[in-house]
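In case you want the letters, here they are:
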Amino acid sequence: MAETEVVRGVSLTLSAGEVVGLLGPSGAGKTTFFRALAGELPVRTGQIELDGLDISREPLWRRARRGIGYVPQTPSVLWDLTVEQNLATFEALSRNPASPGARAWARMVELDERRSVRARELSGGERRRLELARALVGRPKVLVCDEPFAGIDPAGAARLGELLRQQAEGGMAVILADHHVAEALRVCDRAHLLVDGRVEATGSPDTFREHPLVVGRYLGSWAGTPSPLADGAGEQ
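Everything quoted here is computed from the prediction, not taken from an experiment.

S.K.: When you look at the nonpolar core in this model, what are you seeing that I'm missing?
M.R.: Soluble, globular proteins show a tendency: their nonpolar side chains are buried together. Ranked by size, the top nonpolar core spans 45 residues in total, and within it Leu23, Leu87, Leu130, Leu143, Leu164 and Leu176 carry the most contacts. If you look at the next biggest cluster of nonpolar residues, it comprises 21 residues, including Val20, Leu22, Val43 and Ile175.

What follows is the structure, given as structure tokens:
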């Protein structure tokens, strides 16, 4: 079977303390890029470096140990366990002796009063915050978030955005992709437009919103539907 090249020549540098958005239409290659970054998909050409070390051929678990945290689109917590049990389980797997404990992680993501609730019974926003805590347990240097605001109401998206900004302010590098463009740009320091597997535009949030390619090739594709720049657009 012939291989399809989904991402072409994408070159991004992430720095500690910043939030970077990788935005674009469905099918642009964002999830493929994130899965390759995290180690779920092989890299055929090019390389991925962390602190100057080439990790392109390393598996997902080793990249996680080196400092790549990953929040995928798909559910990434244990449905039949409670919030506290989930966090305790992933904390044990992280092998981090300095970890503050499951209750502290729950408090960090505003789930302290929901510790005894099973993951399957959480709201969309609560589950996303639990998945974020699951990724943070490993104390990553880089946090990769694919559609972190999907299925969350505007207030919940704002709270999650604040949590992501807090991680960056603490020295973490955060990269996210999301169709909630308004919320994504609210937390980003800079954004890149990915179209057909290539980065076509880059800029600060204000510059990005007004860039002709962003308007013409991304935001313009929402004609007749609520603009992704509108708060709450695309709610599920």
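S.K.: Would you explain the environment of Leu143 in this entry?
M.R.: Looking at where Leu143 falls in the secondary structure, it is placed in strand S5 (residues 142–146). Separated by 24 residues in the primary sequence, Leu143 and Gln167 have C-alpha atoms spaced 8.9 Å apart. In this structure, Leu143 is in contact with Gly69, Val71, Leu132, Ala135, Leu136, Leu164, Met172, Ala173, Val174 and Ile175, ignoring residues within four places of it in sequence.

S.K.: How do you make sense of the sheet that holds strand S8 (residues 198–203) when you look at a structure like this?
M.R.: By definition, the strands of a sheet pair up through backbone hydrogen bonds, in either a parallel or an antiparallel sense. The 6 strands are arranged S4-S5-S6-S1-S7-S8 in an open sheet whose pairing can be described as mixed. Strand pairing shows two members of the sheet lacking a second neighbour, strand S4 (68–71) and S8, which therefore form its edges. Each neighbouring strand pair of the sheet contributes to a mean axis angle of 20°, computed without reference to strand direction. As paired strands, S4 and S5 are joined by 4 bridges and run parallel to one another.

S.K.: Is there a simple way to think about empty space enclosed by the protein in this case?
M.R.: A probe as big as a water molecule, rolled over the atoms, marks out the empty space that is left. A complete count under the given rule lists 1 cavity of 30 Å³ or more for this structure. Its volume calculated, the largest cavity comes out at about 40 Å³. Along its surface, the largest cavity is lined by Val71, Arg128, Leu132, Cys145, Pro148, Leu160 and Leu164. If you list the elements that add at least two residues to the lining of the largest cavity, you get helix H5 (124–136) and helix H6 (154–169). Counted by class, the lining of the largest cavity contains 6 nonpolar, no polar and 1 charged residues.

S.K.: What's the story with the pattern of salt bridges in this structure? I'm lost.
M.R.: Side chains carrying opposite charge are able to pair once their charged atoms draw close together. Scanning the model with the defined rule gives 16 salt bridges in all. Its salt-bridge partner being Arg115, residue Glu84 comes within 3.5 Å of it at the nearest N-O pair. Highlighted residues: Glu84 in helix H3 (residues 83–94) and Arg115 in the loop between helix H4 (102–108) and H5, separated in sequence by 31 residues. Across the pair Glu131 and Arg128 runs a salt bridge whose closest N-O atoms are separated by 2.5 Å. Placement of the pair is Glu131 and Arg128 together in helix H5, with a separation of 3 residues, close to one helical turn. Several salt bridges share partner residues, and in doing so they unite Glu84, Arg103, Asp112 and Arg115 into one network.

Cut-offs applied
Residues numbered from 1 in each chain as written. Predicted model: local features only at pLDDT ≥ 70, side-chain atom pairs only at ≥ 80, totals over all residues. Heavy atoms only, no water. Core = buried A, V, L, I, M, F, W, Y, C linked by side-chain atoms within 4.5 Å. Buried < 20%, exposed > 50% of the residue type's maximum accessible area, 1.4 Å probe, protein only. Helix = DSSP H or I, 4+ residues; strand = E, 2+ residues; numbered from the N terminus. Contact = heavy atoms within 4.5 Å. Pairing = 2+ DSSP bridges. Axes fitted to C-alpha atoms, helices over the stretch in contact; angles between N-to-C directions. 1 Å grid on protein atoms, 1.4 Å probe; cavity = no way out; pocket = protein on both sides within 12 Å on 5 of 7 lines; lining within 4 Å. Points joined across faces, edges and corners; volume = space filled by probe spheres on them. Nonpolar A, V, L, I, M, F, W, Y, C, P; charged D, E, K, R; others polar. Salt bridge = Lys/Arg side-chain N within 4 Å of Asp/Glu carboxyl O.

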